[in-house]
2 protein chains.
Amino acid sequence: MSTAAPRTAGPDHLWSVDEHLDDILATVRPLEPIELHLLDAQGCVLVEDITVPVSLPPFDNSSMDGYAVRVADVAGASEQYPAALEVVGDVAAGQADLLHVGPGQAARIMTGAPLPPGAETVVPVEWTDGGLGEGPVTGMRAGSLDPGGATGQVRVHRPAEARAHVRAKGSDVKAGDRALAAGTVLGPPQISLLAAIGRGTVRVRPRPRVVVLSTGSELVQPDEELRSGQIYDSNSFALTAAARDAGAIAYRVGAVADDATTLRDTIEDQLVRADLMVTTGGVSVGAYDVVKEALSYAADEDEPGSGVEFRKLAMQPGKPQGFGSIGPDHTPLLALPGNPVSSYVSFELFVRPAIRTLMGLTDVHRPRARAKLTADRPLTSPRGRRQFLRARYTDGTVTPVGGAGSHLVAALAQADALIVVPEDAESVAPGTEVEVVLLG
Amino acid sequence: MSTAAPRTAGPDHLWSVDEHLDDILATVRPLEPIELHLLDAQGCVLVEDITVPVSLPPFDNSSMDGYAVRVADVAGASEQYPAALEVVGDVAAGQADLLHVGPGQAARIMTGAPLPPGAETVVPVEWTDGGLGEGPVTGMRAGSLDPGGATGQVRVHRPAEARAHVRAKGSDVKAGDRALAAGTVLGPPQISLLAAIGRGTVRVRPRPRVVVLSTGSELVQPDEELRSGQIYDSNSFALTAAARDAGAIAYRVGAVADDATTLRDTIEDQLVRADLMVTTGGVSVGAYDVVKEALSYAADEDEPGSGVEFRKLAMQPGKPQGFGSIGPDHTPLLALPGNPVSSYVSFELFVRPAIRTLMGLTDVHRPRARAKLTADRPLTSPRGRRQFLRARYTDGTVTPVGGAGSHLVAALAQADALIVVPEDAESVAPGTEVEVVLLG
């Protein structure tokens, strides 16, 4: 990996994609951990080693519905010569007061119920007459409908070894074992284990709260009327959805007009609920590039250490970018270009890794693959810029969709990958193996 | 695919995994579509073809910050012999009233702003002196700080072809084109496109609401004190998390004691917010298998057509299963076994596809792969039952973790795949290629 260019690289430094990304990843820090209820911690990263406080299962228990008996009492039993035992009662799951099973006796036992004292093994109900005095049965009748099943006599048709159909205490995990290591991402099976060992809350890094804000006086909200010179705001929707996809809690502020004071006020208002701010538009070289104007001001007036730097990247699309931090908590801010495709590609390359870094994940990037280019003609790419082309990936081959124009949002909706054309390539012939980013 | 066994197959029919799954998929129907706001529709399936109402971009506009000029006025221009043009004003993005660019004139234009009448092409600001009367500039000064930039004279250093740096109206999508087809899953790029063409709401199948309820008098909630014979409720947590993972809105009811009336009342209470109900425990052959008892009652007393059937599957873990529908809306219900591993494996095989069918997805199953078995000794499996073993999958090889016992939840938390051992195999030697379900 290359090292980040110095933050003082100056306005004329042309940043490489890697330098910009390295600068972001070197700056953004995982969020402080908090204690969350299990289901609120889904998808989060654990920050503590979890030790098993009590062995699982916590007691010897039956793995079958059947009868708890002594081994000697069923030795040599067969359907022709069954062992007849006195049923002394039921042992249900969750039962605390256990009867004692003596010689010649059996307790009817349910799956998960503790093995009662005196009993040495369990015979499944299917190996017995179920107390009905006839042939083998397939199950028990409901206890509420047939209380008599817990008394009388049962005939056992097969012998059982000691501790057959018994799950031993501690056979799953033992008290003191490490259940999960710090750094584990909590999916359903990990949540299952935590609940099983009695943990109702855990210390994790929370999901980052990401505020998404688009800028541009030309932007109108969907379903409103489009007047001359206007277009619909799509970036705030796309990036809010993409931020959620990356694991964040995302808030869409929508479009702010090209006025520095309004933008500054809006950003200051939103800071309270932001672990990361993302803006689109207003970062280029125009006379109304309001994000640049508003945040340069913030850098002067705010706390020391804050400040957003606007850069040119050796990249297509996505050349103009801003990165820095704002406000008293030095909240990281990524200022993306306003073209829908530029902002989406920038999100995938820079914002998604930032979100996943805030979450404490180590695997912060989209997966990449090598694929054979399928195309009618060579791809062209500007020398000195790394190009990202929308494409479809299937089984080791990749096909571009749509053109290179950064406004071609229709093609983006058909794409599931980005072809990476390196800085030194001006042309890529069909059949060439290329690198692709898989958008998943 | 095998066909589902008849629902009247009777209590002695041993169902194959495929028969049970086919029965579920043949019964569960996609939810009725509703109109949702774009961001609420994320991850949902579109049920309508979306046609583009207005071409994108809706007007010819500049792809650069620069000057809108006539081609003849900049023909032959160079840094040594620049074309000097009168700046007649600014054209900002979103501007409705456009000035006219006549011969010898230029309008300062911003990215995304409409190409003003009279202008034929755009020269980027970097090809000009920016109106400062010196060498080439790298950008414009903010309009608010330098109103004079919109007047005076600009020197252009390079010629431009007609419509250079102009994005033509309709070059992205044209009015009448199909933007997205019914059946599309709405991810961030699709949401981007819908917003861009002005769609604020869309008709989709909503996320299913899944109510998860565990049963067992032995169950205690995490963080409470564990008494003799009790264990912690983990299934309701695991399956709620897994249902969310599958795309559902999941509600965890928690554990209900083994009492048929309480369970029936709880289920009836919950029906109002359920598109699918999932229970765990109480489905086997014991005397306190309360789900079986409670839902057999529901089948007798409820609407015609309702009813839950309890089955034995040729499967390990997960032999006892219930499936059917309950209540006036015939809400589908899957009754899973109570062992944590059995219930989790059953969820992956049966509930997840049911949830994704409710969503209207066509890709309802976990991906599968072939992998080479790495193990110290052969795997053993009961003849006639399809076994699912927890395992770790890496690059075409798969290694079992933990034992076959269905209570080994610790091993489940280490697994990312299930090895499928077919019904006719009793032993699988290391090195054999096996089928695996990737849990992702």
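Chain A carries the name Molybdopterin molybdenumtransferase in an unreviewed UniProt entry, which gives Streptomyces fungicidicus as its organism. In UniProt, chain A has this text filed under Catalytic activity (unreviewed entry): "adenylyl-molybdopterin + molybdate = Mo-molybdopterin + AMP + H(+)". Looking at chain A in UniProt, the text filed under Sequence similarities (unreviewed entry) is "Belongs to the MoeA family."

A.B. asks: Report on the overall build of chain A, specifying residues and quantitative values.
C.D. replies: Assigned secondary structure in chain A consists of eight helices and 29 strands. Whereas a compact globule of 440 residues would reach a radius of gyration of roughly 22 Å, chain A reaches 33 Å, over 25% beyond that. The burial tally for chain A puts 56% of its 440 residues in the buried class. Considering only contacts in chain A between residues 6 or more positions apart, those separated by 24 or more positions represent 70%. Approximately 17400 Å² of chain A is accessible, and the part contributed by carbon and sulfur atoms is 48%. Charged side chains in chain A number 38 positive and 55 negative. The centres of these two groups are separated by 4 Å.

A.B. asks: Quick one: what's the story with the packing of helix α4 (residues 235-245) of chain A against helix α7 (residues 340-358) of chain A, residue by residue and with numbers?
C.D. replies: All names here are of chain A. Look at α4 against α7: their axes get within 10 Å of each other, and the N-to-C directions meet at 25°. When the axes of α4 and α7 are compared, the pair comes out roughly parallel. The way α4 lies across α7 gives a crossing that is right-handed. Residue-level contacts link N235, L239, A242, A243 and D245 of α4 to P340, S343, Y344, F347, R352 and I355 of α7. Each residue belonging to the contact of α4 with α7 can be placed in one class, and the counts come to seven nonpolar, two polar and two charged.

A.B. asks: If you had to explain the interface of chain B and chain A to someone new, which residues and values would you point to?
C.D. replies: Taken together, the contact pairs 84 residues of chain B with 84 residues of chain A. Both sides of the chain B and chain A interface together cover about 6600 Å² of buried area, and 60% of this is carbon and sulfur. Our count for the contact surface shared by chain B and chain A stands at zero salt bridges. Of the residues forming the side of chain B that touches chain A, the biggest block, eight residues, is contributed by helix α3 (residues 188-196) of chain B. Class assignment for the residues of the side of chain B that touches chain A results in 42 nonpolar, 25 polar and 17 charged.

A.B. asks: So, the sheet that holds strand β10 (residues 153-156) of chain A: which residues are in play, and what are the values?
C.D. replies: Residue and element names in this part refer to chain A. Spatially, the five strands line up as an open sheet ordered β9-β6-β8-β7-β10, and their pairing is mixed. The open sheet terminates on both sides in strands that have one partner only, identified here as β9 (121-124) and β10. For this sheet, the mean angle separating the axes of adjacent strands, direction not counted, is 40°.

A.B. asks: Lay out the domain arrangement of chain A in plain terms, naming residues and giving numbers.
C.D. replies: Segmentation of chain A into domains returns domain 1 (14-31 + 206-358), domain 2 (36-57 + 174-205), domain 3 (61-167) and domain 4 (368-438). For domain 2 of chain A and domain 3 of chain A, the distance between their C-alpha centres works out to 36 Å.

A.B. asks: Lay out the sheet that holds strand β2 (residues 34-37) of chain A with the relevant residues and their values.
C.D. replies: Strand pairing in a sheet relies on backbone hydrogen bonds. The paired strands run either parallel or antiparallel. Residue and element names in this part refer to chain A. Taken together, the three strands give an open sheet; going across it, the order is β2-β13-β3, and neighbouring strands pair in antiparallel fashion. Edge positions in the open sheet fall to β2 and β3 (45-46), since each of these has one partner strand only. As defined by bridge partners, β2 adjoins strand β13 (residues 201-205) across four bridges and the pair is classed as antiparallel. Directly across from L36, in β13, lies its bridge partner V202.

A.B. asks: Run through the relation of the copies chain B and chain A, naming residues and quoting values.
C.D. replies: The two copies are related by a screw motion: chain B maps onto chain A through a turn of 180° and a shift of 0.0 Å along the axis, at an RMSD of 0.0 Å. Each copy turns onto its partner about a two-fold axis. Most of the interface of chain B is mirrored in chain A, where 100% of its interface residues again form contacts.

A.B. asks: Please give an account of the packing of aromatic side chains that cites residues and values.
C.D. replies: Residues and elements named next belong to chain A. All chains considered together, the criterion is met by zero aromatic pairs over all chains. Its end group placed over the ring of F237, R252 keeps NZ or CZ at 3.9 Å from the ring centre. The aromatic ring of Y251 is capped on one face by R273, whose charged end is 4.2 Å from the ring centroid.

A.B. asks: I'd like to hear about the pairing of strand β14 (residues 209-215) of chain B, residue by residue, with values.
C.D. replies: Residue and element names in this part refer to chain B. Among the seven residues in β14, six count as buried, and that is most of the element. For β14 and strand β18 (residues 276-280), the ladder comprises five bridges, and the chain directions are parallel. Following the sheet pairing, V212 is matched in β18 by V278.

A.B. asks: I'd like a description of the side chain of B:D129, backed by residues and values.
C.D. replies: All names here are of chain B. Its place among the elements puts D129 in the loop between β9 (121-124) and β10 (153-156). At a separation of 3.0 Å, a polar atom in the side chain of D129 contacts the main-chain amide nitrogen of G133. Apart from the residues within four sequence positions on either side, D129 is in contact with E134, G135, V137, V154, R155 and H157.

A.B. asks: Would you mind going over the pattern of salt bridges in detail, with residue names and values included?
C.D. replies: On inspection of all chains with the given rule, the structure shows 30 salt bridges over all chains. When the shortest N-O distance is used, the salt bridge between B:E348 and B:R366 registers 2.7 Å. With B:E348 in helix α7 (residues 340-358) and B:R366 in the loop between α7 and β23 (368-373), this pair connects stretches of sequence that are 18 residues apart. As far as the burial class goes, B:E348 and B:R366 line up, both buried. Here B:R368 ties to B:E435 by a salt bridge, and the two come within 3.4 Å at their closest N and O atoms. Of this pair, B:R368 sits in strand β23 while B:E435 sits in strand β29 (residues 433-438), and the two are 67 residues apart along the sequence. Owing to a relative accessible area of 41%, B:R368 belongs among the partly exposed residues under this scheme. Among the residues examined, B:E435 registers a relative accessible area of 28% and is labelled partly exposed. Through salt bridges that share partners, A:D18, A:R386 and A:E423 make up one connected network.

A.B. asks: Give a description of helix α4 (residues 235-245) of chain B that names residues and reports values.
C.D. replies: Most of α4(B) is tucked away, with nine of its 11 residues classed as buried. Residues B:N235, B:S236, B:F237, B:A238, B:L239, B:T240, B:A241, B:A242 and B:A243 constitute the buried set of α4(B). Those residues of α4(B) that are buried lie in contact with α3 (188-196) of chain A together with β14, β17 (249-256), β18, β22 (331-336) and α7 of chain B. Where α4(B) terminates, the next one or two residues include B:G247, which has phi positive at roughly 115°.

A.B. asks: So what's going on with the pairing of strand β25 (residues 386-394) of chain B? Residues and values would help.
C.D. replies: All names here are of chain B. Taken together, the two bridges between strand β20 (residues 315-316) and β25 define a ladder with parallel strand orientation. Residue M315 lies in a different strand from β25, and its bridge partner there is R386. When β25 meets strand β27 (residues 417-421), the two strands line up antiparallel, connected through five bridges. In the sheet register, Q387 faces β27, and the bridge partner there is V421. Examined bridge by bridge, β25 and strand β26 (residues 397-400) share four bridges and lie antiparallel to one another. In the strand pairing of β26, T394 is matched with T397. Between β25 and the antiparallel strand that follows it, β26, lie two residues; D395 among them carries a positive phi value of about 45°.

A.B. asks: Account for the environment of B:T432, with residues named and values stated.
C.D. replies: All names here are of chain B. Tracing the backbone shows T432 in the loop between β28 (427-428) and β29. Distance from T432 to T397, taken between C-alpha atoms, is 10.0 Å for residues 35 residues apart in sequence. A polar side-chain atom of T432 sits 2.5 Å from the main-chain carbonyl oxygen of A429.

A.B. asks: Help me get a handle on the environment of B:V210, residues and values and all.
C.D. replies: All names here are of chain B. The topology assignment puts V210 in strand β14. The buried category is assigned to V210, whose relative accessible area is 0%. For the pair V210 and F347, spaced 137 residues apart in the sequence, the C-alpha separation amounts to 12 Å. Once residues within four sequence positions are removed from consideration, V210 is found in contact with A243, A248, I249, A250, Y251, L276, V278 and I355.

Criteria and thresholds
Residues numbered from 1 in each chain as written. Chains lettered and ligands numbered in written order. Predicted model: local features only at pLDDT ≥ 70, side-chain atom pairs only at ≥ 80, totals over all residues. Heavy atoms only, no water. UniProt positions renumbered as here; feature names shortened; annotations may be inferred. Helix = DSSP H or I, 4+ residues; strand = E, 2+ residues; numbered from the N terminus. Rg over C-alpha atoms; globule rule 2.2 N^0.38 Å. Buried < 20%, exposed > 50% of the residue type's maximum accessible area, 1.4 Å probe, protein only. Contact = heavy atoms within 4.5 Å. Areas by Shrake-Rupley, 256 points an atom, 1.4 Å probe, with all protein chains shown as cover. Lys, Arg positive; Asp, Glu negative; His and termini not counted. Charge placed at Lys NZ, Arg CZ, Asp CG, Glu CD. Axes fitted to C-alpha atoms, helices over the stretch in contact; angles between N-to-C directions. Parallel < 35°, antiparallel > 145°, perpendicular 65-115°, else oblique. Left-handed = near helix turned anticlockwise from the far one by under 90°. Nonpolar A, V, L, I, M, F, W, Y, C, P; charged D, E, K, R; others polar. Buried area = accessible area lost by both parts, 1.4 Å probe. Salt bridge = Lys/Arg side-chain N within 4 Å of Asp/Glu carboxyl O. Pairing = 2+ DSSP bridges. Domains from an automatic or database assignment. Least-squares fit on C-alpha atoms with pLDDT ≥ 70 in both. Phe/Tyr/Trp six-rings, centres within 6.5 Å; stacked < 30°, edge-to-face > 60°. Lys NZ or Arg CZ within 6 Å of the ring centre and 35° of its normal. Polar contact = N/O pair within 3.5 Å; in protein donor to acceptor, adjacent residues only side chain to side chain.

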